[in-house]
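Structure at a glance
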Amino acid sequence: MSEDECKGPKIGMRHVQSFLLFFGFMSIYISRMNIGVALVAMTNANTTNPDFVEFNWTQKEISYILSSFYWGCFITQFPGGNICKYFGVKKSLGWATFISAILCAITPRCVMWKGWPAFCVIRSLQGLSQGLIYPSVVQHLANWSPLQERNRLGAFSFTGVECGVVLALSLSGIIAKGPMGWPGISYVSAGLCFTWCLLWLILGANSVRESRFISQAERLYIESSMANVSNTQKSKIPTPWRAILTSVPFLSLVVARCSQHYGVSTLQTQTPAYLHGVLKMQIKSNALYSALPFLACWCTSYLYIFMGDVLRSKGILKLTALRRTFSIMASWIPAMALVALGFMNEQRRTWALVIMTLGVAANSGKIMGICLNNIDLSPNHAGVLMSLTTTPASLMPLISPLVVGVVVSDRTSPHQWQIAFGIAAAIFFLGNLVYISLGTTETQPWNDEYYLTKDCPESKTRENLLESTPKAAIVRA
């Protein structure tokens, strides 16, 4: 086998799977994040298409609608890893998106029938289904990404999140003003999700062995590169819960993800209130300002991918050093941005926007720096690890506003905002310090599929399994 064949085809089914994950994220986040624009259109028809019904909802009812998605999402995040592990990613991710698509499609009729309570029920059900998304995506990347391409394929897949947010914020208003009115926002979102489901049904596969379209050369390349990943669809590996929950590298990852969510939540959701209260800016009413940080984050993601490829291919940084470097950039730069924001005044409005945008953009390095570490630690249990890290992290956006509410009693007080931003910056910094001190990219012993099996026959050890792989197909990382 030639050197090029050993490296696998330059474009193959692994890239198709990564694109499907990107498109899936984009579609899901359009359906998730269009709610802000949709509510404006539904409660103020004069700003969009006046030919459609307008609802006279109170601010309290609107807050219920906005938060209802996360009620459901929190419930399914914890079991999501085991669901995708035992039923397969193709089923868990496919059904989660298909259910979301159906709920999007019926939203206008249900809301016109039963008002805001129906809206809350639909959003909660969407949250229930989409709680499976992140564990499924991470497990799919673990099953399909060769070690040498894990950063590139994984980071590209996750850029669909920022792409979906940018499109939701920029296109939803255009759709609402068009002939379809505000119902069109839901219909377009449903159409995108249904389109993805069709592509996923045809092209998606749980593993390289189940793909109908993969070439033999690419299959050997991926399998030889991932010798420590079992065929989870044929071997239901028991989860070593005690080993995971007492693993120092894993616990440091949990700390990092929690600190990330707290800091980013403060930066993204509280900064507009600071800009309005202290700097007298009406940032929420401007779609460009609302989408700008996410657009910068999306673009910067590709810069991180390029940097990661160069640093790894030239042997400048090993994987652990790369993870630590990118996590520092994704945490400490936003931390400094938060501190700097607290000292802005009305004469420095432009600088405040620049600092906020740069802080959010730098945070896009968290994918390669932190999130993909779930796969490093245990490819066989990557989905479970993602569930375990995401569940406590998802509480941080709920805690952050409460802390800000206690500290900032006067939203026009620069000093109070400096304290609130300082707390978030400290959490950003200290959480990442724990991660870079105790975290690692080494695959953990409990990743072994026979870790909990005491009477494992000698013929099924990892060494014997590796011997069954053609020697010519083995590529050393």
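Small disclaimer: the values here were computed from a predicted structure and weren't measured.

Observations concerning the overall build of the chain
Within the chain, the regular secondary structure consists of 21 helices and 0 strands. Residues classed as buried in the chain amount to 55% of the 477 residues present. Of the contacts made within the chain by residues no fewer than 6 positions apart, 83% connect residues no fewer than 24 positions apart. By element, 66% of the accessible surface of the chain is carried by carbon and sulfur atoms, the whole surface being about 21,000 Å².

Considering the packing of helix α12 (residues 248–277) against helix α18 (residues 382–393)
It is at 8 Å that the axes of α12 and α18 come closest, and there the two elements cross at 40°. Considering the angle they form, α12 stands oblique to α18. Handedness of the crossing formed by α12 with α18: right-handed. On α18, the residues touching Phe-250, Leu-253, Val-254, Arg-257, Cys-258 and His-261 of α12 are Leu-385, Met-386, Leu-388, Thr-389, Thr-390, Pro-392 and Ala-393. Split into classes, the residues belonging to the contact of α12 with α18 amount to 9 nonpolar, 3 polar and 1 charged.

With respect to helix α5 (residues 89–114)
Here α5 contains 26 residues, and its C-alpha end-to-end distance of 35 Å stays within 8% of the 38 Å for a straight helix at 1.5 Å per residue. If you look at α5, its biggest bend is around 50°, right at Thr-107, and the proline Pro-108 turns up within four residues after that. Remark: Gly-115 follows α5 within two positions and exhibits a positive phi of approximately 70°.

Concerning the environment of Phe-194
As for its position among the elements, Phe-194 is in helix α9 (residues 183–203). When neighbours within four sequence positions are excluded, Phe-194 is seen to be in contact with Phe-98, Ala-101, Ile-102 and Ala-105.

Observations concerning the pattern of salt bridges
In this structure the tally under the stated criterion is 9 salt bridges. For Glu-218, the salt bridge is made with Arg-14, and the minimal N-O distance between the two is 2.9 Å. Of the two residues, Glu-218 is situated in helix α10 (residues 216–225) and Arg-14 in helix α2 (residues 13–33); the sequence distance between them amounts to 204 residues. Judged by its relative accessible area of 2%, Glu-218 is buried. Asp-309 is paired through a salt bridge with Arg-152; the nearest N and O atoms lie 2.9 Å apart. With Asp-309 in helix α13 (residues 287–313) and Arg-152 in helix α8 (residues 150–177), the pair connects residues that are 157 residues apart, well separated along the chain. Overall, the relative accessible area of 33% leaves Arg-152 in the partly exposed class.

A few points about the confidence of the model for the chain
With 90% of its residues at a pLDDT of at least 70, the chain reaches an overall mean of 85. For the chain, the element scoring lowest by mean pLDDT is helix α21 (residues 462–467), at 43; α9 scores highest, at 95. Every residue in residues 1–5 is under pLDDT 50, and counting partners more than four places away or in other chains gives 3 contacts.

A short note on a nonpolar patch on the surface
Among the surface-exposed residues, Trp-95, Phe-98, Ile-99, Ile-102, Ile-106 and Phe-194 lie close enough to one another that they form a single nonpolar patch of about 510 Å² accessible area. At 5 residues, the largest contribution of residues to the nonpolar patch is made by α5. Relative to the helices and strands, Phe-98 is located in helix α5.

Rules behind the numbers
- Position labels on residues start from 1 in each chain and follow its written sequence.
- For this predicted model, a pLDDT threshold of at least 70 governs which residues receive local features, and a threshold of 80 or more governs which side-chain atom pairs are given and counted, while totals over whole chains, interfaces and linings are taken from all residues.
- Hydrogens and water molecules were not included; the side-chain quantities draw on all heavy atoms of the structure.
- Going along the chain from the N terminus, every DSSP run of H or I of four or more residues is numbered as a helix, and every run of E of two or more is numbered as a strand.
- Only protein chains enter the calculation, and the probe is 1.4 Å; a residue is then buried if its accessible area is under 20% of its type maximum, exposed if over 50%, and partly exposed in between.
- By definition in these notes, contact holds between two residues if any of their heavy atoms fall within 4.5 Å.
- With residues, only the protein chains shown are counted as cover, and all accessible areas are computed by Shrake-Rupley using a 1.4 Å probe.
- A fitted line through C-alpha atoms serves as each axis, taken over the contacting stretch for helices, and the angle formed by two N-to-C directions is quoted from 0 to 180°.
- An angle below 35 degrees is treated as roughly parallel, one above 145 as roughly antiparallel, one from 65 to 115 as roughly perpendicular, and anything else as oblique.
- Take the far helix as the reference: if the near one is turned anticlockwise from it by less than a right angle, the crossing is left-handed, and if turned clockwise, right-handed.
- Under the scheme applied here, ten amino acids are nonpolar (Ala, Val, Leu, Ile, Met, Phe, Trp, Tyr, Cys and Pro), four are charged (Asp, Glu, Lys and Arg), and all others, including Gly, are polar.
- What a helix is expected to span follows from its residue count: subtract one and scale by 1.5 Å.
- Two axes enter the definition of the bend at a residue: one is fitted to the seven residues ending there, the other to the seven starting there, and the bend is the angle between them.
- The term salt bridge refers to a side-chain nitrogen of Lys or Arg lying within 4 Å of a carboxyl oxygen of Asp or Glu.
- Each residue gets a pLDDT score, which is the predictor's confidence in that residue and runs from 0 to 100.
- Patches were defined on residues exceeding 30% relative accessible area and lacking a salt bridge, with like-charge contacts within 9 Å and nonpolar side-chain contacts (Val, Leu, Ile, Met, Phe, Trp, Tyr) within 5 Å.

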